[in-house]
Amino acid sequence: MRSKNLSLSFFLLLSGALLLAGQFHYLPQTERKLVLDPERTQELFRDGQVQFEIVCKPGNISSSFAAQELADYLGQALDSKLTVLSQKSGTRPALLVGDLELALAHGINPAEMDLDAYVIRSIGQDILLIGSDSPNKHPLKVEASESGSLFAVYDFLERFVGVRFYFPGKIGTIVPRLKEWSLPAIDLCERPDKFYRKSYDISNDQNALNEEYGSSYRLASLRQKRMMSWALPTTHGLAHNYLVERFRDSNPEYFALTDKGLRHDGTQDLYTPSNKYGHVCFSSEGLKEELFQDAKACLLKQSPATRNMPYNRWGPTSVPGQSFCLTPNDSMYPCRCEGCWKIFSDFKPPRTYQRMSDFIWQYTCDIAVRLQSENVPGYVTMFAYNPYERVPNVEIPANMLVQVCFNGPWAVGESQAKQIALLESWNQKLGKRPWLWNYCIQRSVQKGIPHSTPRTIGKFYQQHQQLHSGVFLETETERWHFGYLNLYVLSKVLWNVNTDLEALLAEHYQLMFAQAAPEMQEFFE
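From a predicted model like this one, the values you see are computed outputs, not experimental measurements. (Residues numbered from 1 in each chain as written. Predicted model: local features only at pLDDT ≥ 70, side-chain atom pairs only at ≥ 80, totals over all residues. Heavy atoms only, no water.)

Novice: What is the right way to look at the overall build of the chain in this model?
Specialist: The number of helices and strands found in the chain is 14 helices and 19 strands. Taking 2.2 N^0.38 as the reference for a compact globule, 525 residues should give roughly 24 Å; the C-alpha atoms of the chain span a radius of gyration of 25 Å, in line with that estimate. Referenced to the eigenvectors of the C-alpha coordinate spread, the extents of the chain come out at roughly 80 × 50 × 40 Å. Looking at the 525 residues of the chain, the share that counts as buried comes to 58%. Considering only contacts within the chain whose residues lie at least 6 apart along the sequence, 73% involve residues at least 24 apart. With the model as given, the accessible surface of the chain reaches about 22,400 Å², and the carbon-plus-sulfur share is 50%. The distance from the centre of the 53 positive side-chain charges to the centre of the 57 negative ones in the chain is 3 Å. (Helix = DSSP H or I, 4+ residues; strand = E, 2+ residues; numbered from the N terminus. Rg over C-alpha atoms; globule rule 2.2 N^0.38 Å. Buried < 20%, exposed > 50% of the residue type's maximum accessible area, 1.4 Å probe, protein only. Contact = heavy atoms within 4.5 Å. Areas by Shrake-Rupley, 256 points an atom, 1.4 Å probe, with all protein chains shown as cover. Lys, Arg positive; Asp, Glu negative; His and termini not counted. Charge placed at Lys NZ, Arg CZ, Asp CG, Glu CD.)

What follows is the structure in structure tokens.
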């Protein structure tokens, strides 16, 4: 169950986008369980005859999609046309998807389980598949939508049917043909080892992937891999808080002073894409006050109009009632004003990195501390990112959540040792495991060479599992198929850190390539 000790865990109600916790230190609380009773085995398919039905009560968009996925993939496996019923016939066993009323009647409450956890349980002759769902959000249309029942369906298909989701579509999805199908009684409860499980797997040939899934290809891939189904953004919030639109004309002093005496207000050096969002002056107390008021209004779920937000909406890195991001813009420009330049003027590593880190973290922590002193609920989120990745000589308040950015699996030798030392220092500073932003980007190597390194990626997160609570892996690639195995292994290891990598890879080569498995394994490795 989700811990009542909020220093160890948290829970998220996406319907209200509310994250509640004391100190943000996620450890799994839901106990894994798998009990199969072969004495209660049921024959569900034989001689071409389907002897079960799939049922999902109407009104829940998420579980309805999950039930349809179950019908589609089971139908392929059994070479049968399966439809989803709105209620049980009572004449045959039923696979019941997302039936919350039945779950509660049998002591199963998805709201009390870890995020993304689910249950598959035999109840009489029926089998219930359920997790916490965002009932009004389609899993392939809204990324921040809990999809527990869908995860239960995908796990069921993997465990009890033999389906494998390497990547969406007919080529990347393995669906065996079953001549007969029986199941023992099942009592299963599953949850992830790492709460933060995301990847950015955009490719240059992304349009080629939209043929089957349209713009939902990426979400389909994330859902099938049971990656994190909710939002906790930490990415460059000061670039996405509409500062340029709101303050460029009225308060130019809020923006960084350039070496030419101009303000970096979204009009300077636009050959760097991030510059269009402007860069801030960290000596500006006026801007600090505006950011505090923004954060307060967002976390109290006030209307964006009260803060003059364009389009009457909060920026994409803000989650009303939950979190507000204060991470500086990417490619941060060091302000030349008198207050900032005494810190930034000799910006040459390693001497000034510590001073810069202290300076920037003090600025953002001041805002978080003030929110805390006024009893504003929710969190401020921050990257630990160049040039402020070093642990600052500043107290980090409990309402600030930190994501540490460094190369990750691809760093080797002394470079990786320094990065792990940095991660260890953040663990010690925070007294809890931060989550990571790592980079395995195909454009980092020679064009045309696949960046498939699944074993390296899997081993890295297993080896350092005690130092992190999950990862966002940035993996842009030239061709989508270059990195699919990276993401498959990543998803399995973040869900279960004890995944047998060699068995997982060997199975992949055999299922994907059959008689060509030895040659394809040699090619990949």
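Novice: Honestly, the nonpolar core in this entry has me stumped. Any pointers?
Specialist: Here is a general trend for soluble globular proteins: nonpolar side chains tend to be buried in one another's company. If you look at the biggest cluster of nonpolar residues, it comprises 145 residues, and the most contacted ones within it are Phe52, Leu74, Leu95, Phe156, Leu157, Trp181 and Trp361. The residues touching Leu95, leaving out its near neighbours within four places in the chain, are Phe52, Glu53, Ile54, Val55, Leu70, Leu74, Ile127, Leu129, Phe156 and Trp181. With 12 residues, the next largest nonpolar core counts Val55, Ile108, Ala117 and Leu128 among its residues. (Core = buried A, V, L, I, M, F, W, Y, C linked by side-chain atoms within 4.5 Å.)

Novice: Hey, could you run me through the side chain of Ser199 in this one?
Specialist: Inspection of the secondary structure puts Ser199 in strand β13 (residues 196–200). The contacts of Ser199, once residues within four sequence positions are left out, are Arg218, Leu222, Met227, Phe472, Leu473, Leu487 and Leu490.

Novice: I would appreciate a short explanation of the pairing of β13 in the present structure.
Specialist: Two faces belong to every sheet, and in a regular strand the side chains alternate between them. The element β13 is extensively covered by neighbouring structure, given that 4 of its 5 residues are classed as buried. Sheet topology note: the β13/strand β19 (residues 470–474) ladder contains 5 bridges and is parallel. Among the inter-strand pairings, Tyr196 is bridged to a residue of β19, identified as Gly470. (Pairing = 2+ DSSP bridges.)

Novice: When you look at unusual backbone geometry in this model, what are you seeing that I'm missing?
Specialist: The step from Asn386 to Pro387 runs through a cis peptide bond, and the omega angle for that step is 10°. Counting through the fold element by element, Pro387 comes out in the loop between β16 (379–384) and β17 (400–405). Positive phi, normally seen in glycine, also occurs at Asp116, with a value near 75°. Of note, Asp116 is situated in the loop between α2 (100–105) and β8 (118–123). Despite not being glycine, His236 shows a phi value in the positive range, around 50°.

Novice: Explain the pattern of salt bridges here, please?
Specialist: A pair can form between side chains of opposite charge whenever their charged atoms are brought close. One pass over the structure, following the stated rule, counts 30 salt bridges. Between Glu43 and Arg46 there is a salt bridge, with its nearest N and O atoms 3.5 Å apart. Residue classification places Arg46 among the partly exposed residues on the basis of a relative accessible area of 36%. Among the salt bridges present, the one from Glu374 reaches Arg370, with a minimum N-O distance of 3.5 Å. Residue class for Arg370 comes out partly exposed when judged on its relative accessible area of 30%. One salt-bridge network, held together by shared partners, links Arg32, Asp155, Glu158, Arg159, Glu190, Arg191, Asp193, Arg226 and Lys492. (Salt bridge = Lys/Arg side-chain N within 4 Å of Asp/Glu carboxyl O.)

Novice: Got a minute to help me understand the confidence of the model for the chain in this structure?
Specialist: The predicted coordinates of low-pLDDT regions are not to be read in fine detail. Across the chain, the average pLDDT comes to 91, with 92% of residues at 70 or higher. In the model, residues 1–25 has pLDDT below 50 throughout and makes 89 contacts with residues more than four positions away in sequence or in other chains. (pLDDT = per-residue confidence, 0-100.)

Novice: Where do I start with the packing of aromatic side chains in this structure?
Specialist: The way to describe two aromatic rings as a pair is by their centre distance and the angle between their planes. Evaluation of the coordinates by the stated rule reveals 28 aromatic pairs. A centroid spacing of 5.9 Å and a plane angle of 90° characterise the contact between Phe523 and Phe524, whose relative ring orientation is edge-to-face. Residue classification places Phe523 among the exposed residues on the basis of a relative accessible area of 58%. The structure contains a cluster of three or more aromatic residues connected by ring pairs, namely Phe167, Trp480, Tyr484, Tyr509, Phe513, Phe523 and Phe524. The ring of Trp495 is capped by Arg226, whose NZ or CZ atom sits 4.7 Å from the centre of that ring. Just above the ring of Phe292 sits the side chain of Arg370; from NZ or CZ to the centre is 3.7 Å. (Phe/Tyr/Trp six-rings, centres within 6.5 Å; stacked < 30°, edge-to-face > 60°. Lys NZ or Arg CZ within 6 Å of the ring centre and 35° of its normal.)

Novice: What should I look at first to understand helix α7 (residues 285–299) in this one?
Specialist: An α-helix turns once every 3.6 residues. As a result, residues three or four positions apart point the same way. In a regular helix each residue adds 1.5 Å, so 15 residues correspond to 21 Å; α7 covers 21 Å between its end C-alpha atoms and thus fits that length. Those residues of α7 lying buried are Leu287, Lys288, Glu290, Leu291, Phe292, Asp294, Ala295, Ala297, Cys298 and Leu299. Contacts made by the buried residues of α7 are with α6 (243–247), β14 (318–319), β15 (323–325), α9 (353–373) and β16. Two residues or fewer past α7, Lys301 is found with a positive phi of approximately 60°. (Expected span 1.5 Å × (residues − 1).)

Novice: Before we go on, may I ask you to explain the packing of helix α1 (residues 61–78) against helix α3 (residues 148–160) in this structure?
Specialist: Their axes nearest at 8 Å, the elements α1 and α3 cross at an angle of 15°. Viewed along their axes, α1 and α3 adopt a mutual orientation that is roughly parallel. Handedness of the α1/α3 crossing: right-handed. Residues Ser63, Phe65, Ala66, Glu69, Leu70, Tyr73 and Leu74 of α1 form the contact with α3, whose own contacting residues are Ser149, Leu150, Val153, Tyr154, Phe156 and Leu157. Residues that form the contact of α1 with α3 fall into these classes: 10 nonpolar, 2 polar and 1 charged. (Axes fitted to C-alpha atoms, helices over the stretch in contact; angles between N-to-C directions. Parallel < 35°, antiparallel > 145°, perpendicular 65-115°, else oblique. Left-handed = near helix turned anticlockwise from the far one by under 90°. Nonpolar A, V, L, I, M, F, W, Y, C, P; charged D, E, K, R; others polar.)

Novice: Where do I start with the environment of Tyr333 in this structure?
Specialist: Turning to its location among the elements, Tyr333 is positioned in the loop between β15 and α8 (338–344). In this structure Tyr333 comes out as buried when scored by relative accessible area, which is 14%. Along the sequence, Tyr333 and Gly483 sit 150 residues apart, while their C-alpha atoms lie 33 Å from each other. Setting aside residues up to four positions removed in sequence, Tyr333 forms contacts with Ala256, Leu257, Thr258, Asp259, His264 and His279. Of note is the side chain of Tyr333, whose polar atom sits 3.0 Å from the backbone nitrogen of Asp259. (Polar contact = N/O pair within 3.5 Å; in protein donor to acceptor, adjacent residues only side chain to side chain.)

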